[in-house]
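Now for the letters of each chain:
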Amino acid sequence: GYHIFLLLAEMLGESGEYEDAKLYVIRALQHRSDYDGGGVESKDIGMDTWADDWYLFGDLGNEPDLVQIKLNFAFCLQKAKEYGRAIKFFGAILKWYFDTKRPLDVQTDTIRMCLGIAHSKNKSYEKAEQLELACLEYREGENDFGEISKAQRNLGQNYQAWGKFDEAMEYYGKAKQCIKL
């Protein structure tokens, strides 16, 4: 079924063909919707508009496969440097995770991290800082030095883009030290 579309999207994304990758993720959404009897049609509107409407305003439900399809689309948007749209998608997914009272786990924290990166790339540095500090706090609690180092590096990159070079160097140094542990 729709899984083949996701595999094709992943392969295209890895080769840098983000526009085509997005189309295959949208096809997976359509196929999944048609399979469930939703019958969403996209003849009269553009594919991206259809995906935005269905995803942002549709019910995510409790089905992990639907959430995963939509998460794949958010990743495609981020890789295609459509940071404003990626923020909407990652934000909606993260809200769904918290609204369904799922326990915070690595996947949820990774979504939060991606949302922080998108905010940084979109020059929303303060929001990115808040999200990335929350990621660092979670990862320190998990005691995974590789993941702690990633969170510190992300903070360093955000501070560097923000023009806060002393803070950037501090977090880059922490990331380097963490890797040595």
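This is a predicted model, so every value here is computed, not measured.

Student: Would you explain the packing of aromatic side chains in this entry?
Tutor: Two aromatic rings are characterised by how far apart their centres lie and by the angle between their planes. Evaluated as defined, the whole model comprises 6 aromatic pairs. Considering the side-chain rings of F73 and F89, the 5.1 Å spacing of their centres and the 55° angle between planes classify their relative orientation as tilted. With a gap of 16 residues between them, F73 in helix α4 (residues 64-79) and F89 in helix α5 (residues 83-99) connect regions that are remote in the sequence. Across the pair, F89 and F73 agree in class, each one buried. An aromatic cluster is present here, built from Y125, Y159, W162 and Y171 joined pairwise through their rings. Here the basic side chain of K164 rests over the ring of W162, its NZ or CZ set 3.8 Å away from the ring centre. Geometry around Y171 places K174 over its ring, the cationic atom sitting 4.7 Å from the centre.

Student: What am I meant to see in the confidence of the model for the protein chain here?
Tutor: In low-pLDDT regions, the fine details of the predicted coordinates are not to be read closely. Mean pLDDT over the protein chain works out to 80, with 76% of the residues at or above the 70 mark. Within the protein chain, helix α3 (residues 47-57) has the poorest average pLDDT of any element, 51, and helix α7 (residues 125-142) the best, 96.

Student: So what exactly am I meant to see when it comes to a nonpolar patch on the surface here?
Tutor: Together, I4, L7, L8, M11 and Y24 give the surface a local cluster of nonpolar side chains, amounting to about 460 Å² of exposed area. The dominant element in the nonpolar patch, judged by the number of residues it contributes, is helix α1 (residues 3-14), at 4 residues. Counting through the fold element by element, I4 comes out in helix α1. Relative accessible area serves as the criterion here: at 47%, I4 is assigned to the partly exposed category.

Student: Could you clarify how one ought to interpret the nonpolar core in this entry?
Tutor: One recurring pattern in soluble globular proteins is that nonpolar side chains are buried together. The biggest cluster of nonpolar side chains holds 29 residues, and the ones touching the most others in it are V25, F73, F90, I93, Y97, I111 and L115. Counting residues per element, the ones that place at least two in this core are α1, α2 (18-35), α4, α5, α6 (106-121) and α7. By residue number, the principal contributor to this core is α5, which donates 8 residues. Dropping the residues within four chain positions of it, V25 is found in contact with A9, I69, N72, F73 and C76. With 8 residues, the next largest nonpolar core counts I148, L155, Y159 and C178 among its residues.

Student: What's the story with the pattern of salt bridges in this structure? I'm lost.
Tutor: Here the idea is simple: oppositely charged side chains can pair when their charged atoms come close. In total, this model carries 7 salt bridges according to the counting rule given. Note that E82 is salt-bridged to R85, the shortest N-O span being 2.8 Å. Where D109 meets R139, a salt bridge forms, and the shortest distance between an N and an O atom there is 2.5 Å. Of this pair, D109 sits in helix α6 while R139 is found in helix α7, placing the two residues 30 residues apart along the sequence. Given a relative accessible area of 3%, R139 falls into the buried group.

The rules behind each value
- Residues numbered from 1 in each chain as written.
- Predicted model: local features only at pLDDT ≥ 70, side-chain atom pairs only at ≥ 80, totals over all residues.
- Heavy atoms only, no water.
- Phe/Tyr/Trp six-rings, centres within 6.5 Å; stacked < 30°, edge-to-face > 60°.
- Helix = DSSP H or I, 4+ residues; strand = E, 2+ residues; numbered from the N terminus.
- Buried < 20%, exposed > 50% of the residue type's maximum accessible area, 1.4 Å probe, protein only.
- Lys NZ or Arg CZ within 6 Å of the ring centre and 35° of its normal.
- pLDDT = per-residue confidence, 0-100.
- Patch = residues over 30% accessible without salt bridge, like charges linked within 9 Å, V, L, I, M, F, W, Y side chains within 5 Å.
- Areas by Shrake-Rupley, 256 points an atom, 1.4 Å probe, with all protein chains shown as cover.
- Salt bridge = Lys/Arg side-chain N within 4 Å of Asp/Glu carboxyl O.
- Core = buried A, V, L, I, M, F, W, Y, C linked by side-chain atoms within 4.5 Å.
- Contact = heavy atoms within 4.5 Å.

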